[in-house]
Amino acid sequence: QVQLAESGGGLVQAGESLRLSCAASGSIAFIYVMGWYRQVPGKQRELVARIGSGGSPEYADSLKGRFTISRDNAKNTVSLQMDSLKPEDTAVYYCYANMLRTDTRSRRDYWGQGTQVTVSS
């Protein structure tokens, strides 16, 4: 069994910053990719940022320069620093990991429960 535990969501005003963190735990052999997606009601879940085990980040084009993703391979954690937040950043943010399990030896995507980020104008 594996779990992704998110923390750091909340309510902030436009222009402020917020940091999200996610820790993976359980029967983990290797985590290939970790990242963040977000979703607003009525829309598809969209990529925010993701990072491979080698440390190469990928960002949604619209978020480059404001969001920064980082990863600690030793701790199986990923963080998302969000600066200059805008009301349109309001969404549920989901932690994501593509990982290989030690018990089943299967590789697949895993998702956290989501954390709400609300940016007021």
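Before reading further, recall that the structure is shown in the block above.
Residues numbered from 1 in each chain as written. Predicted model: local features only at pLDDT ≥ 70, side-chain atom pairs only at ≥ 80, totals over all residues. Heavy atoms only, no water.

A.B. asks: What am I meant to see in the side chain of Glu 6 here?
C.D. replies: Within the element layout of this structure, Glu 6 appears in strand β1 (residues 2-7). Of note is the side chain of Glu 6, whose polar atom sits 2.7 Å from the backbone nitrogen of Cys 95. Only 2.6 Å separates the side chain of Glu 6 from the backbone nitrogen of Gly 114, close enough to count as a polar contact. Sequence-distant contacts of Glu 6, that is, excluding residues within four places in its chain, are made with Ser 21, Cys 22, Trp 36, Tyr 93, Tyr 94, Cys 95, Gly 112, Gln 113, Gly 114 and Thr 115. (Helix = DSSP H or I, 4+ residues; strand = E, 2+ residues; numbered from the N terminus. Polar contact = N/O pair within 3.5 Å; in protein donor to acceptor, adjacent residues only side chain to side chain. Contact = heavy atoms within 4.5 Å.)

A.B. asks: Looking at this structure, I do not really get the packing of aromatic side chains. What am I missing?
C.D. replies: We describe a pair of aromatic rings using the distance from one ring centre to the other and the angle between the two ring planes. Taken as a whole and assessed by the stated rule, the structure comprises four aromatic pairs. The interplanar angle of 70 degrees and the centroid separation of 4.8 Å between the aromatic rings of Phe 30 and Tyr 32 together place this pair among those described as edge-to-face. On the basis of relative accessible area, Tyr 32 is assigned to the partly exposed category, the value being 27%. Aromatic side chains Tyr 96 and Trp 111 sit 5.1 Å apart centroid to centroid with 50 degrees between the ring planes, which places their arrangement in the tilted category. Here Tyr 96 is found in strand β9 (residues 91-101), whereas its partner Trp 111 is found in strand β10 (residues 107-111), with 15 residues between them in sequence. (Phe/Tyr/Trp six-rings, centres within 6.5 Å; stacked < 30°, edge-to-face > 60°. Buried < 20%, exposed > 50% of the residue type's maximum accessible area, 1.4 Å probe, protein only.)

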